[in-house]
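Architecture at a glance
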Protein chains: 2
Amino acid sequence: MKEIKRISILGTGRVANQLARVLFEKGYEIDGIYGRSSMEARKLAEKVNSRVIESISQPIRSDLALVCVSDDAIGEVSAKINERSDAIIAHTSGAVPIYEIPEGLRRAVFYPLQSFSIDKKVVWENVPFCIEAEEDDHLNALGQLADSITEKVFILSSDQRKSLHLAAVFANNFANLMYEYSEELLMSADIDRSILHPLILETANKVLLHRASESRTGPASRGDLETIKAHQKLLGENNSYREVYDLLTREIYNRNHEQKL
Amino acid sequence: MKEIKRISILGTGRVANQLARVLFEKGYEIDGIYGRSSMEARKLAEKVNSRVIESISQPIRSDLALVCVSDDAIGEVSAKINERSDAIIAHTSGAVPIYEIPEGLRRAVFYPLQSFSIDKKVVWENVPFCIEAEEDDHLNALGQLADSITEKVFILSSDQRKSLHLAAVFANNFANLMYEYSEELLMSADIDRSILHPLILETANKVLLHRASESRTGPASRGDLETIKAHQKLLGENNSYREVYDLLTREIYNRNHEQKL
C-alpha cells in the first residue's frame, strides 16, 4: 500500500484551513495550496510551511490532493486537474457523490463530519471521518491518514453519505429549529432562556447511551390529551408554532398508540 | 421570615424519592412520608430517617409539605389536606397552576425542571427550580430552600410555568423526535448511529453560548434548493419523514429569506 506523506490542498476556506493545519501538525508535508484568490492561498501556505500552486493544469505530484471547495465547485475544480496526476483526488463534502470528480482521476472522498469555523480549535479525535475510494489501496491509504487524525473512521459509499447528510439535517438543523422555537416561547413569557439549557444537554447526552426512541417522553408520548389541548390553546391558531406542534405531537403520539391521532 | 426546617413528603414516586433524599442529605428533617401505598411510603421513610403519615386529614405540622404526585392527582390529594395545617403546601409540577391547590391552604409551587429516574444520581446544582407562592414570606422561604439545593432558582408565575412547559416540549420531546428520525435514516442506510453523536452534542452545546437562531445552518438556511430537492427525492412521498422534512425546511427557509417558500 502506498502511504500518504505529501498532500496538496485545493481551496482556502474553512475546511481547507482546518485540514491543512491539522495535517501539518500531524507531520504531513503540505506540498502546495491552490486557491481562486492567490492572496488567500499564500496566507494559508505560510501557516503550514507550504507554497502556492499557481495552476492545477500541471500534474499534481503529491500523494493526495484534497479538494476543499464548496459543493457546487467540486465538479468544476476537479475537472481542471491534470489526468496524469499521481495523487489520489479526494473531495471533502458530505453531500457530493464521488463521481462528481471526473473519471480517469484516482477519485476518493475524505469527509470530516463537523461544522468548522476558520479559527476555532477543533477536537479532532472526536470528529467522524467518512472515507470512500474506488481502489482498495486508496481506501487503505485514506484510512491510515484518517486514523492519524481521529478515533472515528467510517467507510461509507456515496449513497450512504447522502443518507447521512439527510440524517444530519434532522439531528442538527431541525433540532436547532426546536431550540429556536423554545427560546422564542420563553422570551415571550419573559423567562431567561438559560432555564432550558440543562434539559437540552440532558436530552442530547441521552442519545449517547440509549436509542432516541427509548427516551421518548412528554404529553404526546403519554397520550395526555388534556395537556396537548392546553398547549394548543396557548399557541393559538394558524401560526408556525401551532402547525409544527400539531404535526410533531401527532407523530409522537402515533408512535406510542395503536389508535392514531 | 419563617425558615423551612421540617418537611413532609406526599407521594412515593420518582420526584418524591429524589427530593426526599436530597433534602435529607442537605440536613432538613423529613417529618413524614404519605403515600397511597403504605409499603412504598415505608420504604422511602426508611431511606430518609422518617416515618409514615397514615392520614393527611390531620393538620400537617411541618414547615412545608411537598405534594409530589402525578399532575392529575394534585387537586385530589391536596383537597384532603387539613385546612388548619401550618405547612406551606407546594406541588412539584411544571404543568399544573398553583390554584389547583385549594384556597385556604398556604399554597405554593416548588418545581424542579428535570426528568428524574428513581435511582439515577442527580447533579442537583444544575437543576433549575421554579418557585411560586401567594405570600412573599412563603416565596422567600422556598427561595432559601431551593438555594440550598441548586444554583438556579427562578421565580415564575403559573402562566410563565405553563409557557415553560410548552417550550420544554419543543426543546426536549420534539428535539428527541428529530434524533429518532435521524437514527432511523442511518439505520436504513446501514450506518452506525454513533456517527452523529458528536454533531448532536455540538448543536446542543452551542445554545449555551449563542441564541439558537445564530446557529442556523444547513441547506434550508442557505436556500440550497438543489440539496433540498435531492433530500426530498431520497425520502419519497407521502410519509412522515417527508411531511416533517417539508414543513421544517419551509420554516427554516422562510426565517432566512424574504421570498417565502
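The rules behind these values
- Residues numbered from 1 in each chain as written.
- Chains lettered and ligands numbered in written order.
- Predicted model: local features only at pLDDT ≥ 70, side-chain atom pairs only at ≥ 80, totals over all residues.
- Heavy atoms only, no water.
- Helix = DSSP H or I, 4+ residues; strand = E, 2+ residues; numbered from the N terminus.
- Buried < 20%, exposed > 50% of the residue type's maximum accessible area, 1.4 Å probe, protein only.
- Contact = heavy atoms within 4.5 Å.
- Pairing = 2+ DSSP bridges.
- Right-handed = clockwise from strand over helix to strand, strands pointing away.
- Expected span 1.5 Å × (residues − 1).
- 1 Å grid on protein atoms, 1.4 Å probe; cavity = no way out; pocket = protein on both sides within 12 Å on 5 of 7 lines; lining within 4 Å.
- Points joined across faces, edges and corners; volume = space filled by probe spheres on them.
- Nonpolar A, V, L, I, M, F, W, Y, C, P; charged D, E, K, R; others polar.
- Axes fitted to C-alpha atoms, helices over the stretch in contact; angles between N-to-C directions.
- Domains from an automatic or database assignment.
- Phe/Tyr/Trp six-rings, centres within 6.5 Å; stacked < 30°, edge-to-face > 60°.
- Core = buried A, V, L, I, M, F, W, Y, C linked by side-chain atoms within 4.5 Å.
- Parallel < 35°, antiparallel > 145°, perpendicular 65-115°, else oblique.
- Left-handed = near helix turned anticlockwise from the far one by under 90°.
- Buried area = accessible area lost by both parts, 1.4 Å probe.
- Salt bridge = Lys/Arg side-chain N within 4 Å of Asp/Glu carboxyl O.
- Polar contact = N/O pair within 3.5 Å; in protein donor to acceptor, adjacent residues only side chain to side chain.
- Least-squares fit on C-alpha atoms with pLDDT ≥ 70 in both.
- pLDDT = per-residue confidence, 0-100.

Next up on the list: the environment of B:L113. Tracing the backbone through its elements, the reader meets B:L113 in the loop between β5 (106–112) and β6 (129–133). For B:L113, a relative accessible area of 3% puts it in the buried group. For B:L113 and B:L145, which are 32 residues apart along the polypeptide, the C-alpha to C-alpha distance reads 16 Å. Setting aside its immediate chain neighbours within four residues, B:L113 contacts A:I195, A:L196, B:V127, B:P128 and B:L164.

What follows covers the pairing of strand β1 (residues 6–10) of chain A. All names here are of chain A. Counting buried residues in β1 gives 4 out of 5 residues, a clear majority hidden from the surface. As paired strands, β1 and strand β2 (residues 29–34) are joined by 5 bridges and run parallel to one another. Across the sheet, I7 pairs through a bridge with I30, a residue of β2. Each parallel crossover has a hand, and for β1 linked through helix α1 (residues 14–25) to β2 it is right-handed.

The first and last C-alpha atoms of helix α4 (residues 136–147) of chain A sit 16 Å apart over 12 residues, in line with the 16 Å expected at 1.5 Å per residue. For α4(A), the full list of buried residues reads A:H138, A:L139, A:A141, A:L142, A:G143, A:L145 and A:A146.

In the structure shown here, the tally under the stated rule is 1 cavity of 30 Å³ or more. In terms of lining residues, the largest cavity is bounded by A:L199, A:E202, A:T203, A:K206, A:S215, A:T217, B:S115, B:N172 and B:N176. Among the secondary structure elements, those contributing two or more residues to the lining of the largest cavity are α6 (197–209) of chain A together with α5 (158–188) of chain B. Per-element tally for the lining of the largest cavity: the top contributor is α6(A), with 4 residues. Split by residue class, the lining of the largest cavity holds 1 nonpolar, 6 polar and 2 charged.

Residues and elements named next belong to chain A. Taken in spatial order, the 7 strands of this open sheet run β2-β1-β3-β4-β5-β6-β7, and their pairing is mixed. Pairing within the sheet leaves two strands with one partner each, and these edge strands are β2 and β7 (153–155). Geometrically, the sheet is characterised by an average inter-axis angle of 25° between neighbouring strands, direction not taken into account.

Glancing now at the domain arrangement of chain A. Each assigned domain of chain A is listed with its residue range as follows: domain 1 (6–156) and domain 2 (162–256). Centre-to-centre separation of domain 1 of chain A and domain 2 of chain A, based on C-alpha positions: 38 Å.

Scanning the model with the defined rule gives 14 aromatic pairs over all chains in all. Considering the side-chain rings of A:W124 and A:F129, the 6.0 Å spacing of their centres and the 40° angle between planes classify their relative orientation as tilted. On the basis of relative accessibility, which here comes to 8%, the residue A:W124 falls in the buried class. Its relative accessible area of 0% is what places A:F129 among the buried residues. Put simply, the rings of A:F170, A:F174, B:Y181, B:Y241 and B:Y245 pair up and form one aromatic cluster.

Our focus in this paragraph is the nonpolar core. Counting 78 residues, the largest nonpolar core has A:M178, A:L196, B:M178 and B:L196 as its most contacted members. Excluding residues that lie within four positions of it along the chain, B:L196 makes contacts with A:L113, A:L164, A:A167, A:A168, A:A171, B:S182 and B:L186.

So, on to the packing of α6(A) against α5(B). For the pair α6(A) and α5(B), the least separation of the axes is 9 Å and the interaxial angle reads 20°. In terms of orientation, α6(A) lies roughly parallel with respect to α5(B). α5(B) is crossed by α6(A), and the crossing has right-handed handedness. The segment α6(A) lies against α5(B), with A:L199, A:I200, A:T203, A:A204 and A:V207 engaging B:A168, B:A171, B:N172, B:N176, B:Y179 and B:E183. Tallied by class, the residues present in the contact of α6(A) with α5(B) amount to 7 nonpolar, 3 polar and 1 charged.

The interface is formed by 82 residues belonging to chain B together with 82 residues belonging to chain A. Of the roughly 7800 Å² buried where chain B meets chain A, counting both sides, 68% is carbon and sulfur surface. Contact with chain A buries area across many residues of chain B, yet B:L166, B:F170 and B:I195 alone supply 8% of it, more than any other trio. Summed over the shared surface of chain B and chain A, the result is 8 salt bridges. The closest approach of N and O atoms between B:R255 and A:E180, which form a salt bridge, is 2.6 Å. Across the contact surface, chain B and chain A share 33 residue pairs in polar contact (both at pLDDT 80 or more). For the side of chain B that touches chain A, the elements supplying multiple residues, two or more each, are α5, α6 (197–209), α8 (225–235) and α9 (240–256) of chain B. If you tally residues by element for the side of chain B that touches chain A, the top one is α5(B), at 27 residues.

This next bit is on the relation of the copies chain B and chain A. Mapping chain B onto chain A calls for a rotation angle of 180° and an axial translation of 0.0 Å; the resulting RMSD is 0.1 Å. This pairing of chains is accounted for by a two-fold axis. Looking at the rotation axis and the C-alpha trace of chain B, the residue lying nearest is B:A175, at 2.4 Å. Take the interface residues of chain B: 100% of them recur as interface residues in chain A, which is what a same-surface contact looks like.

For chain A, mean pLDDT is 95; residues scoring 70 or higher make up 99% of the total. Quick note on the complex model: pTM equals 0.90, ipTM equals 0.90.

Attention now moves to the environment of A:N172. In this structure, A:N172 sits in helix α5 (residues 158–188). Accessibility expressed as a relative area gives 10% for A:N172, which makes it buried.

What follows covers the pairing of strand β1 (residues 6–10) of chain B. Pairing of β1(B) with strand β3 (residues 64–67) of chain B involves 4 bridges; the strand directions are parallel. Each bridged residue has a counterpart across the sheet, and for B:I7 the counterpart in β3(B) is B:L64.

This brings us to the pattern of salt bridges. Applying the stated rule across the entire model yields 27 salt bridges over all chains. We note a salt bridge from A:R222 to A:D224, for which the minimum N-O separation is 3.5 Å. Taken together, the shared-partner salt bridges in this structure form one network comprising A:E180, A:E184, B:R216 and B:R255.

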